[in-house]
Amino acid sequence: DFFTDGLWAQLPPAWQPALASATPVQLAGLLGGHGGPGAAWPLSLLAFAAAARALAFPRGCPGGSPCPPCQSSHLHPLLRRHVKPKKQHEIQRLGKLLQRLSQATGCERVVDIGAGQGHLSRLLAFGLGLSVTAVESDSRLVGLAERFDQELLRELGKTRGLGHKRSPLHPLTPRAPQHVAGRLDPTAPWGEFLLPPNPPGPGPAARNPLGGPGGSEDGGQVLLTGLHACGDLSPALLCHFARSPAVAAVALAGCCYMKLSTAPQPPGCPLGYPLSTSVAALPGHQLSYRAREAACHALEEYEGRLRGGSPHLRAHCYRAVLESLIRAADPAKRHLGLQPGRKAHALSFPQYAHLGLPLAGLDPAGVPLDSGAVGAMLEQQHKVVAFCTLGQLLAPAVETLILLDRLLYLREQGFHCALVPLFNPRFSPRNLVLVAARTPLATVLAGLDKDSEDGDS
């Protein structure tokens with residue numbers, strides 16, 4: 001919306017010349033709060049940046065270097081197959097936390113919601129020996145996860161038959177997770193919380209493996225987890241934990257805050273934000289779609305791009321110019337989810353537009369791509385980047401309000417809970433994991449930061 005809504009003109013007049021003349025490195029200093037401004041920043045702008053940082057939860061940076069994540073030496077080689085280094089880092093860290101929760105609560109059964117291809121579930125089952133039910137709404141991903149399980153079981157059989165090639169890590173157990181295709185119904189009782197997958201998969205719908213009010217089929221309690229549970233899935237998991245004694249504890253990393261349900265909603269429809277009565281009572285607690293979407297961005301990565309003068313910064317201006325062209329051609333088309341490609345920054349703008357306009361249902365031949373107006377907008381890339389920097393400053397504070405709302409929701413009902421900066425934020429922007437239990441968490445959290453993958457992070 002930078003050009004279509006005239007966002008630059010909405011900035012305080014004293015900020016505009018300072019931001020317009022700032023270099024990317026100076027913007028990085030404003031974003032990171034170190035290294036000095038390097039420009040005559042207005043005091044109000046410095047105060048704005050300091051307040052945004054002060055109001056955000058500490059994101060931490062578990063040990064390691066700023067290099068991209070690499071293959072994890074803390075994971076068994078068979079558990080690294082089909083798993084990108086970033087996800088390896090995440091499942092190793094979350095697996096350690098869930099192992100501690102299992103030991104503290106005496107629960108050896110885990111329900112992994114939104115399990116995807118089952119990477120976390122395989123670590124918990126094969127690597128840690130836990131009984132795991134993996135729930136995923138996409139039937140295709142369920143089939144893929146089961147195929148990966150069978151592949152791992154075959155490899156385990158070969159290794160045992162040869163009697164060598166043992167890993168120096170803890171040996172794996174031939175205990176595969178149980179995969180279930182289904183969606184979560186946030187309003188249903190715990191024992192009935194699964195809906196049919198969408199779209200339905202082949203064959204009959206799977207029976208809910210969690211049984212009735214007692215929790216699992218054998219009547220025991222379970223641990224509930226979700227690794228980057230998208231949108232309303234995160235608050236739905238917390239509501240199930242709060243309502244059901246069958247859930248002993250939950251460990252949850254959220255994602256996609258812009259997909260949260262907010263007021264107004266039809267009667268009877270649960271809200272994804274706010275959950276707590278405390279935040280709901282705050283004047284001005286409402287968060288716009290734009291604010292929630294910005295809270296999903298990676299501040300640490302953006303600061304690195306500014307310091308390195310990354311060509312990726314060009315994509316912000318390209319998208320803003322493209323939005324202006326789309327709205328001029330069809331005012332009804334706003335904020336379309338266009339994906340012209342991951343290497344869009346390496347293209348010229350006409351090449352970028354020829355990829356993006358058809359995704360918006362427009363013919364590039366009918367849109368002026370070489371006009372003086374387009375050229376004038378492209379020359380303002382530095383302003384677009386400076387404005388995006390201000391959005392990045394606010395992103396952690398917005399995420400903090402969303403996570404604080406979830407924390408207060410649980411505490412209002414008497415549960416023990418904490419937010420843990422579990423992942424390295426350089427690689428996993430949504431790195432704060434909400435942990436909640438019906439018993440104190442001190443022993444679970446003690447020394448957790450020392451379990452970081454020193455060489456792998």
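Residues numbered from 1 in each chain as written. Predicted model: local features only at pLDDT ≥ 70, side-chain atom pairs only at ≥ 80, totals over all residues. Heavy atoms only, no water.

A. View of the packing of helix H3 (residues 43-54) against helix H15 (residues 381-412). Between H3 and H15, the shortest axis-to-axis distance is 8 Å and the interhelical angle comes to 30°. One finds that H3 runs roughly parallel with respect to H15. Counted together, Leu-45, Phe-48, Ala-49, Ala-52 and Arg-53 of H3 and Leu-390, Leu-393, Leu-394 and Ala-397 of H15 form the full contact between these two elements. (Axes fitted to C-alpha atoms, helices over the stretch in contact; angles between N-to-C directions. Helix = DSSP H or I, 4+ residues; strand = E, 2+ residues; numbered from the N terminus. Parallel < 35°, antiparallel > 145°, perpendicular 65-115°, else oblique. Contact = heavy atoms within 4.5 Å.)

B. The arrangement of the packing of aromatic side chains in detail. Per the stated rule, a full pass over the model turns up eight aromatic pairs. With a centroid separation of 5.3 Å and 50° between ring planes, the pair formed by Trp-15 and Phe-48 is classed as tilted. Taken together, the positions of Trp-15 in helix H1 (residues 15-21) and Phe-48 in helix H3 put the pair 33 residues apart, joining distant regions of the chain. For the ring pair Tyr-318 and Phe-349, a centre distance of 5.5 Å and an interplane angle of 65° mean the geometry is edge-to-face. Of this pair, Tyr-318 sits in helix H12 (residues 314-329) while Phe-349 sits in helix H13 (residues 349-359); the two residues are 31 residues apart in sequence, bridging distant segments of the chain. The exposure class of Phe-349 is buried, given its relative accessible area of 3%. Through pairs of rings, three or more aromatic residues link up here, namely Phe-2, Phe-3, Trp-8 and Phe-387. (Phe/Tyr/Trp six-rings, centres within 6.5 Å; stacked < 30°, edge-to-face > 60°. Buried < 20%, exposed > 50% of the residue type's maximum accessible area, 1.4 Å probe, protein only.)

C. Structural detail: empty space enclosed by the protein. Evaluated as defined, the whole model comprises one cavity of 30 Å³ or more. Estimates place the volume of the largest cavity at around 100 Å³. Around the largest cavity, the lining residues are Leu-78, Leu-79, Arg-81, His-82, Val-83, His-119, Arg-122, Phe-148, Glu-151, Leu-152 and Glu-155. Elements with a contribution of two residues or more to the lining of the largest cavity: helix H4 (77-80), helix H6 (119-127) and helix H7 (139-162). Broken down by element, the lining of the largest cavity gets its largest block of residues, four residues, from H7. Residues of the lining of the largest cavity, tallied by class, amount to five nonpolar, two polar and four charged. (1 Å grid on protein atoms, 1.4 Å probe; cavity = no way out; pocket = protein on both sides within 12 Å on 5 of 7 lines; lining within 4 Å. Points joined across faces, edges and corners; volume = space filled by probe spheres on them. Nonpolar A, V, L, I, M, F, W, Y, C, P; charged D, E, K, R; others polar.)

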